[in-house]
Amino acid sequence: MRSEVRIDPLSGVPVILAPGRRRVGAARPGGLPTPEGRCPFCAGHESDSEVTVLALGDPWRLRVVRNRFPVLEEGGHEVVVETRDHAGDLAGYDPLVARDLLVALRERVRHHEARPGVRAVTTFRN
């Protein structure tokens, strides 16, 4: 099922309905569900994920891939793989890793802002 944008008749606020994302699964209390099989975001598993649209470093230190389950098909829904180490967290990152993240976010926001018809770009972090 395709996602669609509807206007809430009571508030007038646009709302995205994404029934196709039900298959993705929801975060449960205590964290995200444990993935089955190998992780598509781990180094060496790049072919398991969607297309890489940005990579910093060679070998990559950070990469951005298209989201396999976009909220809107015509949108620019992407996933930022912040480091090769999934156990890290922003608060404990080396300053250069944090810099990579900010550079990547700035570049991807600028990319999407330049697309015709784009009225807003939003970033969020799980």
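What you see is a predicted model; the values in this text were computed from it and never measured.

A. Expanded view of the overall build of the protein. Scanning the protein from terminus to terminus reveals one helix and five strands. The long-range share in the protein, meaning contacts at least 24 apart out of those at least 6 apart in sequence, stands at 34%.

B. The arrangement of a nonpolar patch on the surface in detail. The grouping of Val13, Val15 and Leu17 at the surface amounts to a nonpolar patch, some 200 Å² of accessible area in total. Structurally, the position occupied by Val13 is in the loop between strand S1 (4-7) and strand S2 (14-17). Under the relative-accessibility criterion, Val13 is labelled partly exposed at 43%.

C. Summary view of the sheet that holds strand S5 (residues 78-81). Across the sheet, which stays open at both edges, the three strands sit in the order S3-S4-S5 with antiparallel pairing between neighbours. At either end of the open sheet lies a strand with only one pairing partner, and these are strand S3 (52-56) and S5. In this sheet, neighbouring strand axes are inclined to one another by 10° on average, regardless of whether the strands run parallel or antiparallel. Here strand S4 (residues 62-66) runs beside S5; their pairing, made up of four bridges, is antiparallel. Bridging from a neighbouring strand, Arg66 pairs with Glu78 of S5. Across the sheet, helix H1 (residues 95-113) lies against S3, S4 and S5, angled at about 145° from S3, the strand it touches most.

D. Looking closely at the pattern of salt bridges. Applying the stated criterion across every chain yields a total of eight salt bridges. The shortest N-O distance in the salt bridge between Asp89 and Arg125 comes to 3.5 Å. Taken as a pair, Asp89 in the loop between S5 and H1 and Arg125 in the segment after H1 lie far apart in primary sequence, 36 residues in all. One network of salt bridges, in which partners are shared, links Glu82, Asp89 and Arg125.

E. Quick peek at the pairing of S2. The pairing of S1 with S2 spans four bridges and is classified as antiparallel. Residue pairing across strands places Glu4 opposite Leu17, the latter belonging to S2. Hairpin remark: S1 followed by S2, antiparallel, with six residues in the connecting loop; positive phi at Gly12, about 80°.

F. Representation of H1. Compared with the 27 Å implied by 1.5 Å per residue over 19 residues, the 27 Å span of H1 between its first and last C-alpha is a close match. Taken together, the buried positions of H1 are occupied by Asp100, Leu101, Ala104, Arg108 and His112. Buried residues along H1 cover an arc of 95° about the axis, so they all sit on one side. Along H1, the residues that are exposed and aim more than 90 degrees away from the buried face are Pro95, Leu96, Leu102, Arg110 and Glu113.

Reading guide: rules and limits
- Residues numbered from 1 in each chain as written.
- Predicted model: local features only at pLDDT ≥ 70, side-chain atom pairs only at ≥ 80, totals over all residues.
- Heavy atoms only, no water.
- Helix = DSSP H or I, 4+ residues; strand = E, 2+ residues; numbered from the N terminus.
- Contact = heavy atoms within 4.5 Å.
- Patch = residues over 30% accessible without salt bridge, like charges linked within 9 Å, V, L, I, M, F, W, Y side chains within 5 Å.
- Areas by Shrake-Rupley, 256 points an atom, 1.4 Å probe, with all protein chains shown as cover.
- Salt bridge = Lys/Arg side-chain N within 4 Å of Asp/Glu carboxyl O.
- Buried < 20%, exposed > 50% of the residue type's maximum accessible area, 1.4 Å probe, protein only.
- Pairing = 2+ DSSP bridges.
- Axes fitted to C-alpha atoms, helices over the stretch in contact; angles between N-to-C directions.
- Expected span 1.5 Å × (residues − 1).
- Arc of directions from axis to C-beta.

The analysis is restricted to geometry; functional conclusions fall outside its scope.
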